[in-house]
Amino acid sequence: MAKLPKITNTYFVAIIATVGGMLFGFDISSIAAIVVTDQYIDYFNNPSGLIQGAIGSALAAGSVVGSLMAGPISDKFGRRDSIMFACLWWLIGTAVQVSTRGVGSLIAGRVLNGVCVGITSSQVPVYLAEIAKRESRGRIIIIQQLAIEWGIFIMYFASYGCGFIKGPASFRTAWGLQFIPAVLLMIGLPFLPRSPRWLAKVGREEEAIQTLADIQAGGNKDDALVIAEWEEIYTVLVAERESARGWKKFITNGMWKRTLAGMSVQAWQQLSGANVIVYYLTYVFLIAGLQGNINLIASGIQYALFIAFTSVMFLFIDRTGRRTLLIWGALGMGACHLIIGGVLGGYSEPVPGGVQGNANVTFKVTGPASHTVIAFSYLLIIIYALTLAPVAWIYAAEVWSLGTRATGMSLAALSNWIFNFALGLFTPPAFQNIQYKIFIIFGVLCIGSAIQTFLTYPETCGKTIEEVELLFSKGAPPAWKTKKGGSRLEAEVQAVLDRKHAGETVHAELHEKEEAV
């Protein structure tokens, strides 16, 4: 049977692959826009506190499971095929949600969807990092974040529109729309190339070289860049085959530094509190006095801001250091949280029956205080869209070695989803019990994130993912002394060109099969 033609333009590859991120976005806003509608509140008996927390965090619970299985599946069957496998879980989970008869089946459907999101959220960045050119890796991976945001935006306003449908058909229609991106992704995946680094890892070297040539040099296997990058990939691969195996490889020979960096940057993305705003901004705006359709539209504006400012970073992400964005982003978000918490603490008043009858929102502010809460909620989202939202995924995908990348990124995503689950479960009861203090907690955590980033995250911008190995090796400079750029690949390419000019025949060489794993 003839092989399907492959897309080798990395931007088009990224656009198709990151529909996996759009699935995550669809699920987020399918809940965010629905939880304040009368149809949802009436059908599910006004879920609040721990019950609403369980519904909101069910996706994250499934994502923990998906993250755990993602690495072994990706290493065995490939990055691309692991994404296809994930889509099957999404189709089943969406079917369960659409046919729900109560809270239990709704939670079950979201858990199944979460398994898909756990796999795609960890393996799409791995896939993109392994096919991207060094100078555009940040832009390629940031498309994943943009896909999440477009998914949130599209689904939010689709769900808002479905809110005008009477009865349970309102939320069933909204949740049924989630079939569409999954089917489109499954159609597009067979046209994507496999990761050349995964092909090299499993011993399919000829395919690896050809794929690398297709991506980097229009199919020319004798291009100097292809030869230099292949030699670098193979040198690192040989070294990794001689290193520790099993779970020890995530700890020994300095690997614990990478494991700490990859997992903690994802944890901090959640502990920054931004996703609490993304999930429950409708609650925050109820506190600030916005009700009904005005609340839903005002909450939807945040998603437009999300897309606009992450799009700005698409243009600058590979010109700005990862450390700079992570540190200043965390400090800016921390300031926003502390201001919101201070205003709510100083000017809020109790509403025992819940604002607009919503049992999760038992206090409110009015006047200038409410305007301040709204303004700094928007500002927090803008800062997040410019910094932690895209950069945490980029950095987590960059820090692993070839032999640990699939499972390592699974661990990083696992860290993200564990905290996502915990915060999703914690937030509705927190609004009821500790109220404004939740924002103070997130403000302090953001400051902690900035401190750890300064001390332990070396700069990876502008380096090949093989060169990142040196930043975590013994004798590497302290994180705060590392700089963006300074790749050695240009020198290696020039060395290949010099050999060619000297009359030497230079090719991307195949190696003995017994060396492959």
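Cut-offs applied
- Residues numbered from 1 in each chain as written.
- Predicted model: local features only at pLDDT ≥ 70, side-chain atom pairs only at ≥ 80, totals over all residues.
- Heavy atoms only, no water.
- Helix = DSSP H or I, 4+ residues; strand = E, 2+ residues; numbered from the N terminus.
- Buried < 20%, exposed > 50% of the residue type's maximum accessible area, 1.4 Å probe, protein only.
- Contact = heavy atoms within 4.5 Å.
- Phe/Tyr/Trp six-rings, centres within 6.5 Å; stacked < 30°, edge-to-face > 60°.
- Expected span 1.5 Å × (residues − 1).

**Q** Just to check I follow, could you spell out the overall build of the chain for this structure?
**A** In terms of helices and strands, the chain carries 22 helices and two strands. Classification of the 517 residues of the chain by burial places 58% in the buried group. Of all intrachain contacts in the chain linking residues separated by at least 6 positions in sequence, the fraction that spans at least 24 positions is 81%.

**Q** I would appreciate a short explanation of the packing of aromatic side chains in the present structure.
**A** Each aromatic ring pair is characterised by the separation of its centres together with the angle its planes make. Per the stated rule, a full pass over the model turns up 13 aromatic pairs. Relative to Trp 89, the ring of Phe 85 lies with its centre 6.3 Å away and its plane at 80 degrees, an arrangement referred to as edge-to-face. In this pair, Phe 85 and Trp 89 both sit in helix H5 (residues 79-98), four residues apart, roughly one turn of the helix. You can call Phe 85 partly exposed: its relative accessible area is 30%. Assessed through its relative accessible area of 25%, Trp 89 is described here as partly exposed. Between Tyr 395 and Tyr 457 the ring centres are 5.3 Å apart and the planes differ by 25 degrees, which places this aromatic pair in the stacked class. Taken as a pair, Tyr 395 in helix H18 (residues 388-398) and Tyr 457 in the loop between helix H20 (437-456) and helix H21 (468-471) lie far apart in primary sequence, 62 residues in all. Assessed through its relative accessible area of 1%, Tyr 457 is described here as buried.

**Q** I tried to follow helix H2 (residues 19-32) on my own but got confused; where do I start?
**A** One turn of the α-helix equals 3.6 residues, which is why residues spaced by three or four share an orientation. Taking 1.5 Å per residue, 14 residues should reach 20 Å; H2 reaches 20 Å between its end C-alpha atoms and fits that length. Among the 14 residues in H2, 13 count as buried, and that is most of the element.

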